[in-house]
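Geometric and topological summary
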Amino acid sequence: MPPLSIRVLRVGHRFVRDDRTLTHLCLVSRALGAEAIYLEEAEAELVQQVRDVNESWGGSFEVTVGTPWRGVVQAARKDGRKVVHLTMYGLPLLERVGELKKFTRFLVVVGGPKVPGEMYHMADYNVSVTNQPHSEVAALAIALHEIQGGEELKRDFGKSKLRVLPKERGKQVITE
Ligand SMILES: C[S@@+](CC[C@H](N)C(=O)[O-])C[C@H]1O[C@@H](n2cnc3c(N)ncnc32)[C@H](O)[C@@H]1O
């Protein structure tokens with residue numbers, strides 16, 4: 001089985017400044033096995049912040065800002081990706097994950113305050129992480145974990161300036 005290739009899309013313009021949510025979407029996507037995220041809008045500092053994280057902690061996670069969401073979805077489909085839209089109104093993740101595991105290339109879509117109805121039709125799968133309202137960050141983390149069967153937790157980020165030496169207590173960071 002070839003390695004999974006997962007990209008993330010955040011649909012929706014910002015009605016309020018939600019920089020913290022966007023930062024968390026980037027960091028969670030990067031840490032939990034996605035290779036890139038598309039954001040419709042974001043501050044320039046966010047892109048730099050993620051570059052700095054890559055430089056310190058490894059990997060080559062990419063942030064793309066400003067591509068309209070329909071274009072991202074269409075390009076993903078042409079690129080052979082299954083489009084998995086996370087929504088509290090979708091079918092339960094645990095009912096769908098067995099089928100999702102047959103594929104290797106994904107675009108995982110999360111919303112913000114409001115997701116256009118068209119997204120539900122463009123998605124290959126509309127999947128819920130419980131049918132209760134919560135957060136795109138939480139829904140994304142759980143979906144990434146289930147799609148990858150936990151393999152993302154074993155990933156090595158390769159060459160990096162900083163590396164944590166895991167310890168029962170205290171903090172130790174190795175500088176390369
Ligand atoms: C603040 S919520 C918006 C909730 C909104 N009522 C909806 O789902 O259309 C923002 C995003 O979080 C994700 N989300 C929230 N709850 C979810 C759930 N139970 N299952 C899957 N995704 C969820 C969806 O991607 C949603 O677009």
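Just above, that's the structure.
Small disclaimer: the values here were computed from a predicted structure and weren't measured.

Turning our eyes to something else, we now look at the pairing of strand 3 (residues 62–65). As judged from the 4 bridges shared by strand 2 (residues 36–39) and strand 3, these two strands associate in the parallel manner. The partner of tyrosine 38 across the bridge, within strand 3, is threonine 64. Traced from strand 2 through helix 2 (residues 44–57) to strand 3, the parallel crossover comes out right-handed.

Counting 38 residues, the largest nonpolar core has Leu9, Val84, Leu86, Val108, Val109, Leu140 and Ala143 as its most contacted members. When contributions to this core are tallied by element, the ones reaching two or more residues are strand 1 (5–10), helix 1 (19–31), strand 2, helix 3 (69–78), strand 4 (82–92), strand 5 (105–110), strand 6 (125–128) and helix 6 (136–147). Residues in contact with valine 108, not counting those within four places in the same chain, are Ile6, Val8, Val84, Leu86, Leu140, Ala143 and Leu144.

On to the sheet that holds strand 5. Across the sheet, 6 strands lie side by side as 3-2-1-5-4-6; this open sheet has parallel pairing. Edge positions in the sheet fall to strand 3 and strand 6, since each has one partner strand and no second. Neighbour-to-neighbour, the strand axes of the sheet open up by a mean angle of 30°, direction not taken into account. As paired elements, strand 4 and strand 5 share 4 bridges and run parallel to each other.

Taken together, 16 residues lie around the ligand, and Leu86, Met88, Gly111, Glu136 and Ala139 are the ones closest in. Mapped by element, the contributors of at least two residues to the shell around the ligand are strand 4 and helix 6. No other element matches the 3 residues that strand 4 contributes to the shell around the ligand.

Assignment of secondary structure puts glycine 150 in the loop between helix 6 and strand 7 (162–164). The exposure class of glycine 150 is exposed, given the 8 C-beta atoms found within 10 Å. As for glycine 150 and leucine 27, which are separated by 123 residues in sequence, their C-alpha atoms are 17 Å apart.

Interhelical geometry of helix 4 (residues 93–100) versus helix 6 gives an angle of 40° and a closest axis separation of 10 Å. By the angle between their directions, the pair helix 4 and helix 6 is classed as oblique. Considering how the two elements wind past one another, helix 4 and helix 6 form a crossing that is right-handed. Contact with helix 4, carried on its side by Leu93, Val97 and Leu100, involves Ala143, Glu146 and Ile147 of helix 6 and no other residues of that element. Here the contact of helix 4 with helix 6 is composed, by residue class, of 5 nonpolar, no polar and 1 charged.

About the cut-offs
Residues numbered from 1 in each chain as written. Predicted model: local features only at pLDDT ≥ 70, side-chain atom pairs only at ≥ 80, totals over all residues. Pairing = 2+ DSSP bridges. Helix = DSSP H or I, 4+ residues; strand = E, 2+ residues; numbered from the N terminus. Right-handed = clockwise from strand over helix to strand, strands pointing away. Core = buried A, V, L, I, M, F, W, Y, C linked by C-beta atoms within 7 Å. Buried ≥ 20, exposed ≤ 12 C-beta atoms within 10 Å, placed from the backbone. Contact = placed C-beta atoms within 7 Å. Axes fitted to C-alpha atoms, helices over the stretch in contact; angles between N-to-C directions. Near = placed C-beta within 6 Å. Parallel < 35°, antiparallel > 145°, perpendicular 65-115°, else oblique. Left-handed = near helix turned anticlockwise from the far one by under 90°. Nonpolar A, V, L, I, M, F, W, Y, C, P; charged D, E, K, R; others polar.

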